[in-house]
Amino acid sequence: MECYTSDSCDSDSREQKTLDLSNRSLDCRTVSSELKSLIDEKDCADSNNYEILLLYSNRIKSLPDAINKFCNLKILDVSNNRLTSLPDVLRNCPLTSLIAKHNELTNESLPKCFYSTKNTLREFNLSGNKLNYFPEQVLQLKSLKYLYLGGNNIVNIPKDIWKLNSLQILSIGANQISEVPDSVGALISLQALVLSNNQIEQLPPSIANLKQLRSLLLHKNKLKTLPTQIIKLKCLTELSLRDNPLVVRFVRDMTLQPASLLELAARTIKLYNIPIQPGDIPTTLNRYLKAAQCCVNPKCKGVFFDNRVEHIKFVDFCGKYRIPLLQYLCSSKCITGSWESREIDSNATPHLLSKVLLG
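In every chain, residue numbers begin from 1 and rise along the written sequence. Only residues with pLDDT of at least 70 get local features here, since the model is predicted, and only at 80 or more are side-chain atom pairs given and counted; chain-wide, interface and lining totals rely on the full set of residues. Processing note: side-chain calculations cover all non-hydrogen atoms of the structure and skip hydrogens and water entirely.

(A) Region of interest: helix α4 (residues 261-271). Classification of residues uses two cut-offs on accessible area relative to the type maximum, computed with a 1.4 Å probe and protein chains only: under 20% is buried, over 50% is exposed, and between them is partly exposed. Note on conventions: DSSP H or I runs of at least 4 residues are helices, E runs of at least 2 residues are strands, and numbering of each starts at the N terminus. Among the residues of α4, those classed as buried are E263, A266, R267 and I269. When α4 is viewed along its axis, its buried side chains cluster within an angular range of 160° and face the same direction. By definition in these notes, contact holds between two residues if any of their heavy atoms fall within 4.5 Å. In this structure, the buried residues of α4 make contact with α5 (283-290) and β12 (303-304). Within two residues after α4, N273 carries a phi angle of roughly 50°, on the positive side. Comment: arc refers to directions from the helix axis out to C-beta atoms.

(B) Local environment of the nonpolar core. Take the buried residues of types Ala, Val, Leu, Ile, Met, Phe, Trp, Tyr and Cys, join any two whose side-chain atoms come within 4.5 Å, and each joined set is a nonpolar core. Formed by 70 residues in total, the largest nonpolar core has its most connected members in L76, F124, F134, L147, L193 and L226. Every element with two or more residues in this core is listed here: α1 (28-41) and β14 (322-329). At three residues, the largest contribution of residues to this core is made by α1. In contact with L226, not counting residues within four places along its chain, are L203, L218, L241, L246, I323, P324, L325 and L326.

(C) How the structure looks around the environment of L73. Position of L73 among the secondary structure elements: in the loop between β2 (52-54) and β3 (75-77). The spacing of L73 and N49 is 24 residues in sequence and 8.0 Å in space, taken between C-alpha atoms. Not counting the four nearest positions on each side in its chain, L73 is found in contact with Y50, E51, I52, L53, I67, C93, P94 and L95.

(D) Focus on the pattern of salt bridges. Should a side-chain nitrogen of Lys or Arg be within 4 Å of a carboxyl oxygen of Asp or Glu, the pair is scored as a salt bridge. Tallying each qualifying case throughout the model produces four salt bridges. For K163, the salt bridge identified is with D160, shortest N-O distance 3.9 Å. In this structure K163 comes out as partly exposed when scored by relative accessible area, which is 29%.

(E) Representation of the packing of aromatic side chains within the structure. Between rings of Phe, Tyr and Trp, where Trp is taken as its six-membered ring, a pair exists when centres lie within 6.5 Å; planes separated by under 30 degrees are stacked, by over 60 edge-to-face, and by other angles tilted. Under the defined criterion, the tally for this structure stands at two aromatic pairs. Note on Y50 and F70: the rings are 6.1 Å apart at their centroids and 65° apart in plane angle, and the pair reads as edge-to-face. In this pair, Y50 sits in the loop between α2 (44-47) and β2 while F70 sits in the loop between β2 and β3, placing the two residues 20 residues apart along the sequence. With respect to burial, Y50 and F70 carry one shared label: buried. Centre to centre, the rings of Y288 and F305 are 4.7 Å apart; their planes meet at 15°, and the pair counts as stacked. Of the two residues, Y288 is situated in helix α5 and F305 in the loop between β12 and β13 (309-316); the sequence distance between them amounts to 17 residues. The same class applies to Y288 as to F305, namely buried.

(F) Summary view of the environment of N103. Within the element layout of this structure, N103 appears in the loop between β4 (97-99) and β5 (123-125). In the structure, N103 is positioned 25 residues away from V78 in sequence and 8.6 Å away in space, judged by C-alpha atoms. Every residue in contact with N103, bar those within four places of it in the chain, is listed here: V78, S79, N80, N81, R82, L83, G128 and N129. Side-chain polar atoms of N103 contact the backbone nitrogen of R82, separated by 3.4 Å. Only 3.1 Å separates the side chain of N103 from the backbone nitrogen of L83, close enough to count as a polar contact. Counted as a polar contact is a pair of N or O atoms within 3.5 Å, where, for protein atoms, one must be capable of donating a hydrogen and the other of accepting one, and residues adjacent in sequence contribute only when both atoms are in side chains.

As structure tokens, then:
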């Protein structure tokens, strides 16, 4: 699963009747004429047998209405054209795959709603267009399994991405995305997540919920660390991290601000198990005490609240590569260099990860 193209779908092995008009430098008028003549020459039953229509590498600016005459059309490839609009002209086509990569499509070019294909479309490829943000109408496509949006100018992944819970591949690399929402962790069927060549600085801990994830491409971002939860991805076999700060230079960022009196008092209460009776302290302070977090240094019994030390722990994934994960300590004194140097999660399967790309 190293390359993510339209060929990654499960439709390429089907033996369907194909109409190939690709690589002929056709414009919209010529394509329309070709389709109409075909419909006129053939009887209706025969023309309706076409399930694949290939129009890629032409000079088409808009889709001809004649496509609607192909009522059994399931795969349409209009890649490498000059499309400036993609209206809902496919209202009579039960499409399972729509490939429109490398065109001139913007967010305004798309239909406001996918009425006809929202329950049938399984693959949608809009890579290499001019989208500025994630097309919200795509969230209507409940049966979508493969979504390709790479090579645009998209700045966001919507929080409602969880609605596409059938997704197996989400490829959204080479955009302008700076944040990954927690809701990505709800895509439990996801096997490949391509986020490379963006502006991402951190991943949400919910990434650990992607139990089926096999490939995670993160190269060319601004990542300094990875969430510790990533070691729970037991199916992960490919992880690309090159050209990130966490690879270029490892960072130990320690806070220099002294702890507040509230922090010190709360730490003392927790450290020495000072008993507190109901009414002894305000409710807000009691809630604060419940927010205590334990220091990750197993040789330290301390706790912290707001004041903490960021620390990088190196985790061995496959016996050769070691990647940094962000942890929090209660004090800079807890960085000893011995306890974390070769510590490996007992539940991890380091032999499973076959490819870690760091450079």
